Amino acid sequence: MKIALLGYGRMGKNIESIALNRNHTITLKIADANSDYNFSDADVAIDFSVPSAAVNNIKKALDAGVPVVSGTTGWLDKYDEILDYCKSKNGTFLYASNFSLGVNLFFELNKKLSELMAGFTEYSTEIEEIHHTQKLDAPSGTAITLAEQIIKFNNYTNWTLDQPKSNEIHIAAKRIENVPGTHEITYSSEIDSISIKHTAHSRQGFAMGAIIAAEWIKDKKGVFSMKDVLNIG
Ligand SMILES: NC(=O)C1=CN([C@@H]2O[C@H](COP(=O)(O)OP(=O)(O)OC[C@H]3O[C@@H](n4cnc5c(N)ncnc54)[C@H](O)[C@@H]3O)[C@@H](O)[C@H]2O)C=CC1
Ligand SMILES: O=C(O)C1=N[C@H](C(=O)O)C[C@H](O)C1
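Not measured: the values here are computed from a predicted model.

A. Summary view of the site of ligand 2. If you check the shell around ligand 2, you find Thr73, Ser97, Asn98, His131, His132, Lys135, Ser140, Gly141, Thr142, Pro180, His183 and Phe206 and nothing else. Thr73 is positioned such that a nitrogen or oxygen atom in its side chain is 3.5 Å from an oxygen atom of ligand 2. For ligand 2, an oxygen atom lies 2.8 Å from a polar atom in the backbone of Gly141. Across the shell around ligand 2, the residue classes break down as two nonpolar, nine polar and one charged.

B. Representation of the site of ligand 1 within the structure. Close contacts around ligand 1 come from 25 residues, with Arg10, Met11, Ala31, Thr73 and Lys135 the closest. Interatomic distance of 3.3 Å between a backbone N/O atom of Ala33 and a nitrogen atom of ligand 1. Between Thr73 and ligand 1, the recorded distance is 2.6 Å, taken from a side-chain N or O atom to an oxygen atom. Those elements giving two or more residues to the shell around ligand 1 turn out to be α1 (10-21) and α2 (51-63). For the shell around ligand 1, the residue count by class is 12 nonpolar, nine polar and four charged.

C. Looking closely at the domain arrangement of the protein. As assigned here, the protein comprises domain 1 (2-95 + 204-230) and domain 2 (101-200). Look at where the C-alpha atoms of domain 1 and domain 2 centre, and you get two points 27 Å apart. Each partner contributes residues to the interface: domain 1 has nine residues there, and domain 2 has 12 residues. Counting each side, the surface lost to burial between domain 1 and domain 2 is near 760 Å², with a carbon and sulfur contribution of 63%. Three residues stand out in domain 1 for area buried against domain 2, namely Arg10, Thr73 and Phe206, and they jointly supply 47% of the buried area on that side.

D. Representation of the pairing of strand β8 (residues 168-175) within the structure. As judged from the six bridges shared by strand β6 (residues 124-131) and β8, these two strands associate in the parallel manner. Pairing of Glu128 across the sheet is with Ala172, part of β8. Taken together, the three bridges between strand β7 (residues 158-160) and β8 define a ladder with parallel strand orientation. Looking across to β8, one finds that Thr160 is bridged to His170.

E. Unusual backbone geometry, seen in detail. With an omega of 0 degrees, the peptide bond between Ala138 and Pro139 qualifies as cis. The backbone phi angle of Asn23 is positive, close to 65 degrees, even though this residue is not glycine. Positive phi outside glycine occurs at Asn231, with the angle close to 55 degrees. Relative to the helices and strands, Asn231 is located in the segment after α7 (226-230).

F. Region of the structure containing the UniProt feature "active site" (unreviewed entry) in the protein. Mapped onto this numbering, the UniProt entry gives "active site" (unreviewed entry) at His131 and Lys135. Relative to the helices and strands, His131 is located in strand β6. Judged by relative accessible area, His131 falls into the buried class, the value being 7%. Residue contacts for His131: discarding those within four places in its chain leaves Ser140, Lys174, Arg175, Ile176, Val179, Pro180, Gly181 and His183. Within polar-contact distance, the side chain of His131 engages the side chain of Glu129 at 2.7 Å. When you line up the elements, Lys135 lands in the loop between β6 and α5 (141-153). Taking the relative accessible area as the measure of exposure, Lys135 reaches 18% and is therefore buried. Beyond its immediate sequence surroundings of up to four residues, Lys135 is in contact with Thr73, Ser140 and Arg175.

Calculation criteria
Residues numbered from 1 in each chain as written. Chains lettered and ligands numbered in written order. Predicted model: local features only at pLDDT ≥ 70, side-chain atom pairs only at ≥ 80, totals over all residues. Heavy atoms only, no water. Near = heavy atom within 4 Å. Polar contact = N/O pair within 3.5 Å; in protein donor to acceptor, adjacent residues only side chain to side chain. Nonpolar A, V, L, I, M, F, W, Y, C, P; charged D, E, K, R; others polar. Helix = DSSP H or I, 4+ residues; strand = E, 2+ residues; numbered from the N terminus. Domains from an automatic or database assignment. Contact = heavy atoms within 4.5 Å. Buried area = accessible area lost by both parts, 1.4 Å probe. Pairing = 2+ DSSP bridges. UniProt positions renumbered as here; feature names shortened; annotations may be inferred. Buried < 20%, exposed > 50% of the residue type's maximum accessible area, 1.4 Å probe, protein only.

See below:
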């Protein structure tokens with residue numbers, strides 16, 4: 001498979017190394033806004049860039065008729081615009097706030113636990129996410145996905161980074177040197193606490209998941225998620 005890498009930072013480089021081991025080739029690397037977007041014979045584009053560049057990167061790939069996998073976080077206010085754009089181009093697009101198998105299993109656990117806790121209003125809910133200090137966005141895309149899943153099943157209406165009101169889920173976003181990504185959800189009452197936690201030990205799971213998604217999507221048309229790829233949930 002010929003891969004165009006849109007973004008060549010920590011994730012881009014991890015993806016490159018795993019992709020080469022799986023006998024794929026990298027035919028394009030875009031590292032900044034001034035790069036030449038020459039997709040030529042790319043089978044798929046993988047976007048792990050910065051929030052301000054993701055929409056442009058994705059549109060450029062769709063313009064060239066190249067299926068796109070995007071893991072960049074912090075741009076999701078434009079998600080519907082990208083869906084419309086993808087449909088108008090009869091293109092292919094897959095976004096995930098987190099590509100690791102472990103986090104996608106954790107998403108399913110989160111849904112089940114939040115459904116179970118829905119009637120027990122004596123428990124308040126908090127999400128904690130910890131990432132490296134270079135991360136540009138807060139809260140993490142994964143924490144937002146977790147909060148949105150809980151909001152679907154519970155009486156909460158939104159999430160906040162600030163002091164929460166009773167209808168809000170508090171997300172505590174912490175930044176500590178070299179942490180690849182930790183997410184913990186805690187339900188607390190006066191009497192006890194219940195927590196579930198996912199800890200990434202490296203970026204390998206994110207990178208591997210993105211490549212598996214790219215391999216899966218390359219000959220398909222439409223808009224997909226990691227649930228389609230992993231066939232879970
Ligand atoms: N969905 C997932 O599983 C994961 C998502 N991420 C997200 O992926 C994104 C990238 O993460 P990292 O690689 O750690 O960041 P990074 O800062 O190491 O790399 C970002 C790269 O984007 C490049 N860039 C800047 N402007 C650009 C432009 N206009 N066009 C193309 N590239 C441009 C930068 O040169 C840099 O090389 C972040 O939004 C992060 O939150 C990170 C890990 C896993
Ligand atoms: O920026 C990161 O590093 C990560 N970003 C993603 C997010 O915002 O959820 C996924 C992962 O946690 C690492």
